[in-house]
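The chain contents come next:
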Amino acid sequence: MKIDSILLLAAGKGTRLKPYTDKCPKSLLPLGNTNILRNLIMQSQNYFPGVEIFINASYLAEKIIEEISNFPLKNRFYIVTGK
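Below or above, wherever it landed, is the structure these notes cover. Remember, predicted model here, so these are calculated numbers, not experimental data.

**Structural notes on the overall build of the chain**
At step 1: The number of helices and strands found in the chain is 2 helices and 5 strands.
At step 2: Secondary structure elements in the chain, listed N-terminal to C-terminal, are β-β-β-α-β-α-β.
At step 3: Against the compact-globule benchmark of 12 Å for 83 residues, the chain has a radius of gyration of 13 Å, which places it among compact chains.
At step 4: Summarising its shape, the C-alpha atoms of the chain cover approximately 40 × 30 × 25 Å along the three principal directions.
At step 5: Partitioning the contacts of the chain with sequence separation of at least 6, the portion at a separation of at least 24 is 68%.
At step 6: Within the structure as shown, the chain displays about 5,700 Å² of accessible surface, and the carbon and sulfur contribution to it stands at 55%.

Here it is, written out as structure tokens:
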């Protein structure tokens, strides 16, 4: 089976992680030298090269979009919002 697209879920408010998620979406919280979303993107690119990546963003979506715009692109990213 060929995988040609992946949906990464990054839309949650992260209420159980408050106060850390008051100004930062859960997917952008630090994870070692990176953050959760960046780590998922890198893993997706390593395991599924050439795949289109869709990112579901809603809570603080502008911060997620900013993070993606600073990411070196191997693949094209699509942001999916509920708005």
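**Things to note about the sheet that holds strand β1 (residues 5-10)**
Two strands in a sheet stick together by hydrogen bonds in their backbones, pointing the same way (parallel) or opposite ways (antiparallel).
At step 1: Across the sheet, 3 strands lie side by side as β1-β4-β5; this open sheet has parallel pairing. Two strands close off the open sheet at either side, each with one partner strand: β1 and β5 (77-80). The average angle at which neighbouring strand axes cross in this sheet is 25°, direction not considered.
At step 2: Here β1 pairs with strand β4 (residues 52-57) via 6 bridges, running parallel. By the bridge assignment for β4, Ile6 is matched with Ile53.
At step 3: Against the sheet, helix α2 (residues 61-69) engages β1, β4 and β5, with an angle of about 155° to β4.

**Focus on unusual backbone geometry**
At step 1: With omega at 10°, the peptide bond leading from Lys18 into Pro19 counts as cis.
At step 2: Inspection of the secondary structure assignment puts Pro19 in the loop between β1 and β2 (30-31).

**Remarks on the environment of Ser5**
At step 1: With respect to the helices and strands, Ser5 occurs in strand β1.
At step 2: The spacing of Ser5 and Gly50 is 45 residues in sequence and 8.9 Å in space, taken between C-alpha atoms.
At step 3: When residues no more than four places from it in sequence are discounted, the contact partners of Ser5 are Val51, Glu52 and Phe54.

**Let's talk about the nonpolar core**
At step 1: Formed by 15 residues in total, the largest nonpolar core has its most connected members in Leu37, Ile41, Ile55 and Ile64.
At step 2: Breaking this core down by element, the ones donating at least two residues are β1, α1 (36-47), β4 and α2.
At step 3: Contact partners of Leu37, with chain neighbours within four places excluded, come to Leu8, Ser27, Leu28, Ile55, Ile64 and Ile68.

The rules behind the values
- Residues numbered from 1 in each chain as written.
- Predicted model: local features only at pLDDT ≥ 70, side-chain atom pairs only at ≥ 80, totals over all residues.
- Heavy atoms only, no water.
- Helix = DSSP H or I, 4+ residues; strand = E, 2+ residues; numbered from the N terminus.
- Rg over C-alpha atoms; globule rule 2.2 N^0.38 Å.
- Contact = heavy atoms within 4.5 Å.
- Areas by Shrake-Rupley, 256 points an atom, 1.4 Å probe, with all protein chains shown as cover.
- Pairing = 2+ DSSP bridges.
- Axes fitted to C-alpha atoms, helices over the stretch in contact; angles between N-to-C directions.
- Core = buried A, V, L, I, M, F, W, Y, C linked by side-chain atoms within 4.5 Å.
- Buried < 20%, exposed > 50% of the residue type's maximum accessible area, 1.4 Å probe, protein only.

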